[in-house]
Amino acid sequence: MPNLSRRTALRLTAGMALGAALPLAGCGREGDAAAASGAKKSAEKIDTSPATGTVNVWAAQGDADVLGTVVKPFKAANPDLVVKTTLIPNAEYYTKLQAAIAAGKGPDVAQFFPESQAQFLDPSTLRPVPDGLVAPGSFFKSLWDAGVVDEVAYTVPWYAYTYALVYRSDLAKKAGVEAPTVWADMEPFLKALQSAGATHGLGADIGWDIFNGQDAAMYAWQAGGSLVGSDGKWNLNTPQMVDALKYNAAFFTAGTADTGGPTFLDAQPYFVSGRTASMITGPWVIGQLDTAAKKSGWTASHVATAPLPAGASSSVSFSAGGTWGVLADSGNTDAAWKLVRYLAKPSTQVAQYKAYSSMPAVISAWDDPAIKSQPLLDAFFTQLKTTRAFPQISTWQQVATRLGKEMEAVAKGKQTAAEAAANIQAYAESVGTGTKR
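None of the values given here were measured: they were computed from a predicted structure.

Rules behind the numbers
Residues numbered from 1 in each chain as written. Predicted model: local features only at pLDDT ≥ 70, side-chain atom pairs only at ≥ 80, totals over all residues. Heavy atoms only, no water. Axes fitted to C-alpha atoms, helices over the stretch in contact; angles between N-to-C directions. Helix = DSSP H or I, 4+ residues; strand = E, 2+ residues; numbered from the N terminus. Parallel < 35°, antiparallel > 145°, perpendicular 65-115°, else oblique. Contact = heavy atoms within 4.5 Å. Nonpolar A, V, L, I, M, F, W, Y, C, P; charged D, E, K, R; others polar. Buried < 20%, exposed > 50% of the residue type's maximum accessible area, 1.4 Å probe, protein only. Phe/Tyr/Trp six-rings, centres within 6.5 Å; stacked < 30°, edge-to-face > 60°. Lys NZ or Arg CZ within 6 Å of the ring centre and 35° of its normal. Polar contact = N/O pair within 3.5 Å; in protein donor to acceptor, adjacent residues only side chain to side chain. pLDDT = per-residue confidence, 0-100. Pairing = 2+ DSSP bridges. Salt bridge = Lys/Arg side-chain N within 4 Å of Asp/Glu carboxyl O.

Turning our eyes to something else, we now look at the packing of helix H8 (residues 210-222) against helix H17 (residues 396-411). One way to put it is that H8 packs onto H17 with a least axis distance of 6 Å and a crossing angle of 90 degrees. Taken together, the axes of H8 and H17 lie roughly perpendicular to each other. On H17, the residues touching Ile210, Asn212, Gly213, Ala216 and Ala217 of H8 are Trp396, Gln397, Ala400, Thr401, Leu403, Gly404 and Met407. Split by residue class, the contact of H8 with H17 holds 7 nonpolar, 5 polar and no charged.

Take a look at the structure:
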């Protein structure tokens with residue numbers, strides 16, 4: 001797998017979204033995703049004739065670095081088409097894209113991140129996905145749902161990831177324990193890993209930022225909660241959020257995690273050295289641990305994966321990754337949609353995986369031998385089938401960041417979980433949910 005680009009990309013684009021309350025910030029509700037299966041149909045139709053003309057594509061550096069290779073077959077099948085790809089550094093991507101859109105100089109096709117694309121999901125910015133272009137049910141549901149507002153789909157999923165439990169299988173075997181399936185089993189499992197030689201059972205990220213906030217959202221879902229109510233208003237000061245904050249803090253108060261580290265960049269060195277013995281993280285680490293251990297084959301003999309333990313409700317995690325959309329003022333929408341359709345094909349997403357290890361957003365692509373032969377990815381596939389999209393609210397990034405800071409105070413014993421839940425609700429109400437279009 002590639003380097004840290006996935007989370008680096010998300011960290012940077014998420015940070016940019018904090019100040020992205022531009023006029024194009026459309027907002028929905030967490031419950032809007034349920035309308036995906038009955039999305040309103042677009043009048044636009046895309047046939048199977050060859051694409052022609054020029055299509056300008058903008059994407060963030062990272063997974064899109066290999067687009068030139070991945071689209072070669074498409075270009076060969078459409079000789080009268082020119083595909084111009086512009087790769088923009090992650091730290092500048094959304095800023096430049098928003099500026100271009102505001103100036104009417106955007107590309108035909110643009111990449112988005114489902115966890116931070118809410119501000120673009122509006123007909124003044126993106127064209128609705130044409131009826132019949134792709135099969136919505138062929139994707140992991142939450143990834144498709146992330147692009148649907150008011151029953152209209154605006155983006156098509158491209159690659160996917162989520163969080164699962166990655167742990168030291170050698171230490172678990174030594175301790176005679178198996179991966180936990182419910183919250184109550186998590187602490188005994190982590191302590192068993194410590195008894196087998198690990199300094200701490202869990203390498204919990206101590207960035208206390210948006211990513212910790214996303215973890216809290218995930219735990220609140222697992223506890224049976226929601227982030228936004230049926231009335232479209234923030235719903236964060238709840239018993240389920242309190243349980244989520246307590247669950248996270250317990251890792252630190254029980255001594256199975258350390259408020260002193262690791263940081264995100266230290267996570268893998270800690271893990272391979274035994275300073276920690278598990279991580280709640282994404283699939284990108286699987287291909288990086290041999291490098292961190294400086295030994296080929298280390299991962300196969302030392303690592304296992306499992307879906308996340310279930311709270312009172314389920315083992316739900318969040319969905320993230322990449323999507324594609326066609327801008328409303330594109331000058332070549334026919335060819336643009338044909339390119340998007342090609343990028344959504346199972347075979348194309350397998351090619352993307354082979355070129356960059358991007359996990360497919362199309363469910364059937366996971367049956368390809370290239371992916372099927374990687375057993376450590378099985379837990380992520382299982383988890384992706386039980387995921388939710390973050391709220392389609394332009395201020396969610398701000399709220400998640402504040403939630404991360406509230407989590408820190410609880411983990412360090414500076415406030416109670418109940419106080420933190422009340423604080424984050426008050427903050428969320430102060431920044432609002434944006435204007436629903």
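Another aspect to go through is helix H13 (residues 333-343). Where burial is concerned, most of H13 is hidden: 9 out of the 11 residues are buried. Those residues of H13 that fall on the buried side of the exposure criterion are Thr333, Ala335, Ala336, Trp337, Lys338, Leu339, Val340, Tyr342 and Leu343.

On to the packing of aromatic side chains. We describe a pair of aromatic rings using the distance from one ring centre to the other and the angle between the two ring planes. Using the criterion set out here, one finds 25 aromatic pairs in the structure. For the pair Tyr161 and Trp284, a centre-to-centre distance of 5.0 Å together with 85 degrees between the ring planes defines the contact as edge-to-face. In this pair, Tyr161 is assigned in strand E6 (residues 156-161) and Trp284 in the loop between strand E8 (278-281) and helix H11 (289-293), connecting sequence segments 123 residues apart. A residue is classified by how much of its surface remains accessible, and Trp284, at 2% relative accessible area, is buried. Chaining the aromatic ring pairs together yields one cluster made of Tyr161, Tyr163, Trp221, Trp234, Trp284, Phe318, Phe390 and Trp396. Positioned above the aromatic ring of Tyr270 is the side chain of Arg275, whose terminal nitrogen or guanidinium carbon lies 3.9 Å from the ring centre.

Tracing the backbone through its elements, the reader meets Gln415 in the loop between H17 and helix H18 (417-431). Side chain to side chain, Gln415 and Asn423 meet in a polar contact 3.1 Å long. When residues no more than four places from it in sequence are discounted, the contact partners of Gln415 are Glu406, Ala409, Val410, Ala420 and Asn423.

Where the model shows low pLDDT, its predicted coordinates should not be examined in detail. Scored by pLDDT, the protein has a mean of 91; 90% of the residues are at 70 or more. Taken together, the stretch residues 1-38 has pLDDT below 50 and engages in 109 contacts with residues farther than four places along the chain or on a different chain.

Now for the pairing of strand E7 (residues 164-168). With 5 of 5 residues buried, E7 lies mostly within the body of the structure. The alternating pattern of E7 places Ala164, Val166 and Arg168 and Leu165 and Tyr167 on opposite faces, both of which are buried. Sheet analysis places E7 next to E8, joined by 4 bridges and oriented antiparallel. Its bridge partner being in E8, Ala164 is matched across the sheet by Thr281. Relative to strand E9 (residues 303-306), E7 runs antiparallel, the two being bridged by 4 bridges. The partner of Arg168 across the bridge, within E9, is Val303.

This next bit is on the pattern of salt bridges. With the rule as written, the count across this model stands at 12 salt bridges. With its nearest N and O atoms 2.7 Å apart, the salt bridge here joins Asp145 to Lys141. Taken together, the positions of Asp145 and Lys141, both in helix H5 (residues 141-145) and 4 residues apart, correspond to about one turn of that helix. Look at Asp145 and you get buried, because its relative accessible area is 5%. Asp334 is the salt-bridge partner of Lys338, the closest N and O atoms lying 3.0 Å from each other.

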